[in-house]
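Chain and residue survey
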Amino acid sequence: MNIHQNNNHTTGIIYASGAYFLWGILPIYWKLLQAVDPLEILAHRITWCLIFLLLLQFFSKQIPNTIIEIRRISKHPTKVFGIISAAIILSLNWYTYIWAVNNNFVIQASLGYYINPLVSILLAVVVLKEKLNIWQIIACALAFIGVFILTNNYGGVPWVALILAFSFAMYGLIKKMVNVEPITGLILESAVMAIFSLIYLCFLHSNDQSVFSINEPVIALLLVGTGLVTSIPLVLFARAVKYLPLSLLGFLQYINPTISLLLGIFVFHEVFSFMHLIAFIIIWTGLIIFSLFNNYKDSEKALG
């Protein structure tokens, strides 16, 4: 790995770690909006995310470049289809997560994001033909054992966890394959769903069912803030996708559910058993092995 590749690799890890940390603490924010219907939260989240992204481009003087990129993308039906698909899948993921947190399923949501890296790795190997070295395979095996224990301990089919795992893995794969400028891609994804969000919000307002009003300034401010807490980690994640293989992105993903798991246990006081602890230790052992020996294959090549 040359210096340029190494710098990109490090940059990608920083971006990904930042995104996953912010996603990990996000349940605290959603709990503040627990009285609001999840669908209304989602509609505001999409709308305000689009607004913040456009403001970001405006103040960084990137609007002309964004327009050029959008025109380029519009000439490629495959990319357009990919962006629309990514927007729909991401919206499903967002809604499921908001609903889970506000219905006291934070630990199950964290389980979903423990499963997600395994799905991402599977997609990386099957679709993108990425190769895993022996240490990565061992790490994946440990992670699989840990996730199996968590799933078995749950005592039933964890639908929330499965929806979160598969939807976000597919989103990451589509982002990798479409390969458009990160911010522009996020703007287009938000714009696709903002059309439906605005229609829904107008419907709520016209029927006096919306909680967004001057009579509820705190709630209104929190709903506006959903755009900020959404766009920042998404921008970081979108940039990380350009620098890192999907398999490594999948393992760094464990930062997110670990923080959420700790919040579920110590802040929201959800049930956490001894078997959860065992699975937690096994999964993090796999992550440590993966991190330590990630460049094992490159080192072998250099020596050979």
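One can find the structure itself at the top, above this paragraph.
This section reports on the structure supplied with the text. (Residues numbered from 1 in each chain as written. Predicted model: local features only at pLDDT ≥ 70, side-chain atom pairs only at ≥ 80, totals over all residues. Heavy atoms only, no water.)

This part covers the pattern of salt bridges. This structure, assessed with the given rule, holds 2 salt bridges. Between glutamate 69 and arginine 72 there is a salt bridge; the shortest N-O distance is 2.7 Å. Taken as a pair, glutamate 69 and arginine 72 lie in helix α3 (residues 63-74) at a separation of 3 residues, close to a single helical turn. The buried category is assigned to glutamate 69, whose relative accessible area is 12%. In this structure, the salt-bridge partner of lysine 175 is glutamate 189, at a minimum N-O distance of 3.1 Å. Of this pair, lysine 175 sits in helix α7 (residues 159-178) while glutamate 189 sits in helix α8 (residues 182-206), and the two are 14 residues apart along the sequence. No difference in accessibility class separates lysine 175 from glutamate 189, as the two residues are buried. (Salt bridge = Lys/Arg side-chain N within 4 Å of Asp/Glu carboxyl O. Helix = DSSP H or I, 4+ residues; strand = E, 2+ residues; numbered from the N terminus. Buried < 20%, exposed > 50% of the residue type's maximum accessible area, 1.4 Å probe, protein only.)

A distance of 2.7 Å separates a polar atom in the side chain of glutamate 69 from a polar atom in the side chain of arginine 72. Beyond its immediate sequence surroundings of up to four residues, glutamate 69 is in contact with Val180, Glu181 and Thr184. (Polar contact = N/O pair within 3.5 Å; in protein donor to acceptor, adjacent residues only side chain to side chain. Contact = heavy atoms within 4.5 Å.)

Let us look at the layout of surface pockets. Size it by volume and the second largest pocket reaches roughly 240 Å³. Lining the second largest pocket are 15 residues; nearest its centre among them are Ile107, Gln108, Tyr154, Val271 and His276. Residue assignment for the lining of the second largest pocket shows that the elements contributing at least two residues are α5 (106-126) and α6 (134-154). Taken together, the residues that form the lining of the second largest pocket break down as 8 nonpolar, 6 polar and 1 charged. (1 Å grid on protein atoms, 1.4 Å probe; cavity = no way out; pocket = protein on both sides within 12 Å on 5 of 7 lines; lining within 4 Å. Points joined across faces, edges and corners; volume = space filled by probe spheres on them. Nonpolar A, V, L, I, M, F, W, Y, C, P; charged D, E, K, R; others polar.)

Turning our attention to the nonpolar core. In this structure, Trp30, Leu33, Tyr171, Phe237 and Phe251 are the most contacted members of the largest nonpolar core, which totals 84 residues. The biggest single contributor to this core is α5, with 11 residues. Filtering out sequence-adjacent residues up to four positions away, tyrosine 171 remains in contact with Ala86, Ile89, Leu90, Leu186, Glu189, Leu234 and Phe237. (Core = buried A, V, L, I, M, F, W, Y, C linked by side-chain atoms within 4.5 Å.)

This next bit is on empty space enclosed by the protein. Counting across every chain of the model gives 3 cavities of 30 Å³ or more. Roughly 100 Å³ of volume is contained in the largest cavity. Trp23, Leu26, Arg45, Asn93, Trp94, Tyr97, Tyr113, Phe168 and Asn256 together form the lining of the largest cavity. Element by element, the count of residues in the lining of the largest cavity is highest for helix α4 (residues 77-102), at 3 residues. By residue class, the composition of the lining of the largest cavity is 6 nonpolar, 2 polar and 1 charged.

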